[in-house]
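Results of the structural survey
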There are 2 protein chains.
Amino acid sequence: MSARMVSIKEVAEAAGVSTATVSRVLSNGLHVRPEVRERVMATVERLGYRPNLVARSLRSQQSNTIGLIVSDISNPFFTAISRAVEDTAYEQGFSVLLCNTDENAEKEAIYLNLMRDMSVAGAIMSPTRQTIANFTDSNFPFPIVVVDRSISNGDIDAVLLDNVDAAYRLVTHLIEQGYRRIGALCSEMSTGLERQIGYEKALRSHGLAPKTEYMKYVAPKVEAGYAATLKMIDVAEPPDALFTVNSLLAVGALQAVRERSLSIPDDMALVTFDETTWASLVQPAITLIAQPTYEIGKTATELLLQRIADPNRPTRQVMLKGQLQVRGSSAPRG
Amino acid sequence: MSARMVSIKEVAEAAGVSTATVSRVLSNGLHVRPEVRERVMATVERLGYRPNLVARSLRSQQSNTIGLIVSDISNPFFTAISRAVEDTAYEQGFSVLLCNTDENAEKEAIYLNLMRDMSVAGAIMSPTRQTIANFTDSNFPFPIVVVDRSISNGDIDAVLLDNVDAAYRLVTHLIEQGYRRIGALCSEMSTGLERQIGYEKALRSHGLAPKTEYMKYVAPKVEAGYAATLKMIDVAEPPDALFTVNSLLAVGALQAVRERSLSIPDDMALVTFDETTWASLVQPAITLIAQPTYEIGKTATELLLQRIADPNRPTRQVMLKGQLQVRGSSAPRG
DNA sequence: GTTTCTATTGTAAACGATTACAAACAAATT
DNA sequence: AATTTGTTTGTAATCGTTTACAATAGAAAC
C-alpha cells in the first residue's frame, strides 16, 4: 500500500492509451480490443491503480455509501440491525455511514442533509416521531427504507414487526399462565403504541379490562423503566405480571424488582420485547418476543439496494413476525 | 428539502458575482466587501444552497468522514466505543463510516483500501493480529489511531487500557478474597495476552504458581468460552475461581456454570473484563474491570482529529486505567 | 500627476473520474 | 471503386467545488 495516489491519467500514459480507454476497460471492458485490454489491466496492476471514488461519485452523481440512522446504536436492537445492515451492504460493495439521533428530530434532519450533501445512495432509518408526522412522499433526494417504526401516510419501503400480533401473543401467554393483573410499560414511539394495542386487545379478548393505573407511558430508557416500575409496584394491589415494550424498560423493571426484593415470577411475572444477552442469563430467564433483528436489517438493506438500482419499482412493506420465547419469568401462576 | 440541487454557479449568477466570490463568502468571508457578502448570503439562503461535499472533497483532496474499523460492533465494548466516536466526530462536523472485520485481516485490508479510495480524513481501528504484525510506520495514506490493541513496532497514535495492571488488580482481588486455584480464559489478541501477563504476575507475587491446566486460549466468542469452561470444570480438582479476559467469554463461562448447576461464588468465583448490562443484572452480580469505553472512544477521536489538523505533531499513546467493580461473584471464600 | 500599494473581484485551471461525440479504420456490401 | 456498416479509440466536456493568478479600481504616497 503506497502513499502515492496514481490516477487514471498516469495509467493511460503508461499503457499508451487515452483515459477513456482505461475507464472503459475498468467499467465493463466493452469496445476495447482484447490486446489493449490486457495491456491496460497489466498497467493497472503494475502501478497499483485504484479508482478515486470521490471523483467517480462526483461525475456519476451517486456513491456507494448508504446512511444508517438510528436513535442509539447502544440499544441492542439497533446494534443487531446495524450489524446486519453492514454485512449486507458490504456483500454488495456498499459502505455504511452510522448516525445516532437520540430521538432528536433536529439532529436527524442535520444527518439527512449531510447525507444529501454527500450524495449517499440511500438511507435506512428508524425515524423520530416528529419526522414520521411530517413525512410526505418525495421528501428526500435519495431513497429511504424505514425500519422498526411505521409511517402512516406516505408510500415508502419499510421493514416492520407485526407489533400488535406480537404483543397480543405475549400478553395472551401471560393470561394463559394464570396472570390477571397485567401491567404495561409503554412508550410513545409508534412501536410502543402498537404493542399497547396488542396488549389491550389480548386483555379484552380474554374478558379482562385494561386499567389505566396499570399502564404507564415512559421514555424508552432504563431509568424511566425503573422509576415507572417502582411506582407501579408500590401500591396496595400491584400487578401480578408486567409487560414492557422494549428491553431497556425491562432492565429498569428488573432493577426495581430487585430493589424491592420481589421474586420473579412468584411476586410478579415479567415479559418484554427483544432478545438480549442478559434476558437468558438472569434467573429466571425472561420470557420475550424475539424480533428477527438480523433479518430486519438484511431485508431493509436489500430493499434499499433494489430501490437504488430501480427507483421506480413499487414500494414494499415487509412485515415480519416476532418469535415468542417462553422462559421462567412467566411460569404458571402458582 | 427540495429534490433539485442548486449549485454554486446558480448562486453566483443569482447574486451577480462569480463562483469564486461565493466560495470565498462561504469559506471564510475574507476579501469580500461586506455589502457583497450580505447579498451572497441572502441568495444562498433564498435558494437553499448547500455545498456539494463530494465536489469539495475532490477538489480539496480530503473529506469530513472518518472510518471506524472494529472486529464486531455487537461486542458491547465496541458498541460503546462506536457511540463515543460518533458523538465526538459529530460535534466536530465529521461523520463515521462503520466497518466490521470479524478479525479477518483480508476484510480489514479491503476496508482500509476502500477508505483510501474514498479519501477519508482518517480512521480509528482495532487492528487484527495479522495487521499488527505487519505494521510499519507510514503504511497508510491517512492518519490512523489504534484503540484497544497495542502495536509493538511503529510510532502511532493509540488509546489503550493498562491491561497488565487491570488484570493484576482483578486477580489480586480474587486472591485477597481467599481464592487459590484461579483459572484463566485468555485469547490470543494482544489484549488477551497482556491480561494474561497481569494474571500470572498477580499469582506469582502472591506465591502462587500459574498452572497450564488452569489456563486456556480461546477465540473471543461465547461458544468458545462455554466449551473451555466446561472442560476446565469437568476435572478432579476444578478451579475455585475463573478469570476471563472479556465479556463474551464470561457469558460462555456463566452458561457453562449454569449447565453444571454450580453456584457462584461458592463453587467457583467469576471475574471478567468489561461492564455490560448483564453483568450487574445476574445474581450474584459479576465482579469486573470496567473499561472507560466512552472515554477511550472519545479520546481516540480527539487524537485523530488533532492529527488530521496537524499531521506532523508527535504521536501520542494514551494509557487509561480500568476500574475494579467488586460485586457478589467474588465474595470472600467461605 | 504619476506611481505604488491594497483590497476586491473575476478568470480559468485544477481535482479524477465518466461519457457523448467524432474520428479513424477495417470489413462488408453494392 | 464507392458506399455502408461496425468496431475501436481519442478528444473534450462535464460533475461542483476551490484557489492561484491576473485584473481592476480606488487610496495613499511622492
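Residues numbered from 1 in each chain as written. Chains lettered and ligands numbered in written order. Predicted model: local features only at pLDDT ≥ 70, side-chain atom pairs only at ≥ 80, totals over all residues.

Considerations on the protein's contact with DNA strand D
Residue and element names in this part refer to chain B.
- In the vicinity of DNA strand D lie 28 residues, with Ile8, Ala20, Ser23, Asn52 and Ala55 positioned nearest.
- The dominant element in the surface near DNA strand D, judged by the number of residues it contributes, is helix 2 (residues 19-27), at six residues.
- A per-class count over the surface near DNA strand D returns twelve nonpolar, ten polar and six charged. (Near = placed C-beta within 6 Å. Helix = DSSP H or I, 4+ residues; strand = E, 2+ residues; numbered from the N terminus. Nonpolar A, V, L, I, M, F, W, Y, C, P; charged D, E, K, R; others polar.)

Observations regarding the protein's contact with DNA strand C
- Around DNA strand C sit 27 residues, and of these Ser7(A), Ala20(A), Ser23(A), Asn52(A) and Ala55(A) come closest.
- At the level of elements, helix 2 (19-27) and helix 4 (53-60) of chain A together with helix 2 and helix 4 (53-60) of chain B are the ones that each hand at least two residues to the surface near DNA strand C.
- By residue class, the composition of the surface near DNA strand C is twelve nonpolar, ten polar and five charged.

Looking at the relation of the copies chain B and chain A
- Overlaying chain B on chain A yields an RMSD of 0.1 Å, the required transformation being a rotation through 180 degrees with an accompanying axial translation of 0.0 Å. Those values place the two copies in the arrangement expected of a two-fold rotation axis.
- Taken as a fraction of all interface residues of chain B, those also at the interface in chain A reach 100%, which identifies the copy contact as same-surface. (Least-squares fit on C-alpha atoms with pLDDT ≥ 70 in both. Contact = placed C-beta atoms within 7 Å.)

Things to note about the domain arrangement of chain A
- On domain assignment, one finds that chain A holds domain 1 (8-51), domain 2 (62-161 + 293-320) and domain 3 (163-291 + 324-330).
- On a C-alpha basis, the centres of domain 1 of chain A and domain 2 of chain A stand 37 Å from each other. (Domains from an automatic or database assignment.)

A short note on helix 10 (residues 222-233) of chain A
- Taking 1.5 Å of rise per residue, twelve residues should cover 16 Å, and helix 10 of chain A covers 17 Å from first to last C-alpha, within 8% of that figure.
- Burial in helix 10 of chain A covers these residues: Gly225(A), Tyr226(A), Ala228(A), Thr229(A) and Met232(A). (Expected span 1.5 Å × (residues − 1). Buried ≥ 20, exposed ≤ 12 C-beta atoms within 10 Å, placed from the backbone.)

Details of the interface of chain B and chain A
- Tallying the contact residues gives 38 residues for chain B and 38 residues for chain A.
- Only helix 4, helix 5 (76-91), strand 2 (95-100), helix 6 (105-117), helix 11 (247-259) and helix 12 (277-281) of chain B provide two or more residues apiece to the side of chain B that touches chain A.

Some details on the sheet that holds strand 1 (residues 65-70) of chain B
- An order of 11(A)-5(A)-4(A)-3(A)-1(A)-2(A)-2(B)-1(B)-3(B)-4(B)-5(B)-11(B) is seen for the twelve strands of this open sheet, with the pairing classed as mixed. Only two strands of the sheet have a single neighbouring strand rather than two, namely strand 11 (317-320) of chain A together with strand 11 (317-320) of chain B. Neighbour to neighbour, the strand axes of the sheet diverge by 20 degrees on average, direction disregarded.
- Both strand 5 (residues 157-161) of chain B and strand 11 of chain B contribute to a ladder of four bridges, which runs parallel. Counterpart to Leu161(B) in the pairing with strand 11 of chain B is Leu320(B).
- On the sheet, helix 5 (residues 76-91) of chain A packs against strand 1 (65-70), strand 2 (95-100), strand 3 (122-125) and strand 4 (144-147) of chain A together with strand 2 of chain B and is oriented at approximately 175 degrees with respect to strand 1 of chain A.
- Packing against the sheet, helix 5 of chain B makes contact with strand 2 of chain A together with strand 1, strand 2, strand 3 (122-125) and strand 4 (144-147) of chain B, and its axis sits at approximately 175 degrees to strand 1 of chain B. (Pairing = 2+ DSSP bridges. Axes fitted to C-alpha atoms, helices over the stretch in contact; angles between N-to-C directions.)

Looking at the pairing of strand 3 of chain B
Residues and elements named next belong to chain B.
- The alternating pattern of strand 3 places Gly122 and Ile124 and Ala123 and Met125 on opposite faces, both of which are buried.
- Alignment of strand 1 against strand 3, held across four bridges, turns out to be parallel. Its bridge partner lying in strand 3, Ile69 is registered against Met125.
- Summarising the sheet, strand 3 and strand 4 pair through three bridges and their orientation is parallel. Note that in strand 4 the partner of Met125 across the bridge is Val146.

Examining the packing of helix 8 (residues 163-176) of chain B against helix 9 (residues 190-204) of chain B
Residue and element names in this part refer to chain B.
- One can describe the packing of helix 8 onto helix 9 by two numbers: an axis separation of 7 Å at closest approach and a directional angle of 40 degrees. Classified by the angle between their axes, helix 8 and helix 9 sit oblique to one another. Here helix 8 and helix 9 pass one another in a crossing that is right-handed. Touching Asn163, Val164, Asp165, Ala166, Ala167, Tyr168, Val171, Thr172 and Ile175 of helix 8 are Thr191, Glu194, Arg195, Ile197, Gly198, Tyr199, Lys201, Ala202 and Leu203, all from helix 9.
- When the residues that make up the contact of helix 8 with helix 9 are grouped by side-chain class, the tally is ten nonpolar, four polar and four charged. (Parallel < 35°, antiparallel > 145°, perpendicular 65-115°, else oblique. Left-handed = near helix turned anticlockwise from the far one by under 90°.)

A few points about unusual backbone geometry
- In this structure, Pro265(B) follows Ile264(B) across a cis peptide bond, with omega equal to 5 degrees.
- Within the fold, Pro265(B) resides in the loop between helix 11 and strand 9 (269-273).
- Pro284(B) follows Gln283(B) through a cis peptide bond whose omega is -5 degrees.
- Tracing the backbone through its elements, the reader meets Pro284(B) in the loop between helix 12 and strand 10 (287-290).
- Of note, His31(A) is a non-glycine position whose phi angle comes to about 60 degrees, a positive value.
- Inspection of the secondary structure assignment puts His31(A) in the loop between helix 2 and helix 3 (34-47).
- One non-glycine residue, Ser119(A), lies in positive phi territory at about 55 degrees.

Here we look at helix 6 of chain B
- With 13 residues, helix 6 of chain B should reach 18 Å at 1.5 Å per residue; the first-to-last C-alpha distance of 18 Å fits that figure.
- Within the sequence span of helix 6 of chain B, burial applies to Glu108(B), Tyr111(B), Leu112(B), Leu114(B), Met115(B) and Arg116(B).
- On its buried face, helix 6 of chain B sits against strand 2 of chain A together with strand 1, strand 2, strand 3 and helix 7 (129-133) of chain B.
- A positive backbone phi angle near 55 degrees is found at Ser119(B), which sits one or two residues after helix 6 of chain B.

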